[in-house]
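Working through the structure, step by step
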Amino acid sequence: MLTRKQYELLVYIDNYLRDRGISPSFDEMKEALDLKSKSGIHRLITGLEERGFIRRLAHRARALEVLRLPENSDDDAPETPNNVTSLASARKTPHRPTTVPTAFSDNSDAISLPLYGRIAAGTPIEALRDQSTMVQVPAALLGAGDHYALEVSGDSMIEAGILDGDTVLIQRCEQAHDGTIVVALVDDSEATLKRLKRGRGEVMLEPANARYETRSLSPDRVRIQGRLVGLLRQY
């Protein structure tokens, strides 16, 4: 049986993965559970891992995978805080892992997406729009809406678990919440994959690598082209 905090953290991680396609940072988990230090999060994650509810993916930052959810009903579960959705609602939408291998066996459930080209996770480069190249994607990775794929070039998003050579799956949209990883078109000429932040009348494109600086731009220079919903990786 899980402790209340273990249960709350498991729900939070599962919902975050389904909403954003990556696992939350330790600071985000600490804030969500109203803990004073990240050491408490480390202990909770270790406990969940030992009980077989989650696993840490090796050699990747911010890489947690939910393996299973408790079998108990909401009546048996500890009370959850307001910012954590109950497991009953979480179970209504199947969990999507952050990555899948590019080779998968059942092509009957595969969807063909246009692979537009390479997008920078470092210095912005032009996103090539080559409709002739397609990539097969498991249908379970995609939700509603129109999607396309891009190949990542660079290492500025490695702390979000996005590596050079990954194929990112993008849902087309023109608006996104703060904290979402988006494809941003800058000055109608260069595209980049970054975390979106807003403040003081500026749009900030934030990398997930301490070696890179956040770019602050006026809103009229940035257009959102889509948001990250998953990725494929060749092992």
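Reading guide: rules and limits
Sequence order as written defines the numbering, with residues in each chain counted from 1. At least 70 in pLDDT is required for a residue's local features to be given in this predicted model, at least 80 for side-chain atom pairs to be given and counted, and no such filter applies to totals for whole chains, interfaces and linings, which use all residues. Side-chain metrics rest on all non-hydrogen atoms present in the structure, leaving aside hydrogens and water. Whether a residue is buried, partly exposed or exposed follows from its accessible area with a 1.4 Å probe, protein chains only, as a fraction of its type maximum: under 20%, in between, or over 50%, in that order. Elements are defined by DSSP. Helices are runs of H or I of four residues or more, strands are runs of E of two residues or more, and each kind is numbered from the N terminus. Strand pairing is defined by DSSP finding a minimum of two bridges between the two strands. UniProt positions are given in the numbering used here, feature names are shortened, and annotations may be inferred rather than shown by experiment. What qualifies as a polar contact is a pair of N or O atoms within 3.5 Å, subject to a donor-acceptor requirement within protein and to the restriction that residues adjacent in sequence count only when both atoms come from side chains.

Some points on the pairing of strand E7 (residues 167–171)
For E7, the buried fraction is high: five of the five residues fall into the buried class. Burial along E7 is two-sided: the face carrying Thr-167, Leu-169 and Gln-171 and the face carrying Val-168 and Ile-170 are both buried. In this sheet, E7 lies alongside strand E6 (residues 147–153) in antiparallel orientation, the contact comprising five bridges. Paired with Glu-151 across the bridge in E7 is Thr-167. Sheet analysis places E7 next to strand E12 (residues 222–233), joined by five bridges and oriented antiparallel. Note on E12: the bridge partner recorded for Ile-170 is Leu-228.

Structural notes on the UniProt feature "active site" (unreviewed entry) in the protein
Mapped onto this numbering, the UniProt entry gives "active site" (unreviewed entry) at Ser-156 and Lys-194. Across 39 residues in sequence, these annotated residues keep their C-alpha atoms within 8.4 Å of one another, forming a single compact spot. Along the chain, Ser-156 falls in the loop between E6 and E7. Along the chain, the position of Lys-194 falls in strand E9 (residues 190–199). Note on Lys-194: relative accessible area 5%, which makes it buried. Reaching out from Lys-194, the side chain makes a polar contact with the side chain of Ser-156 at a distance of 3.1 Å.

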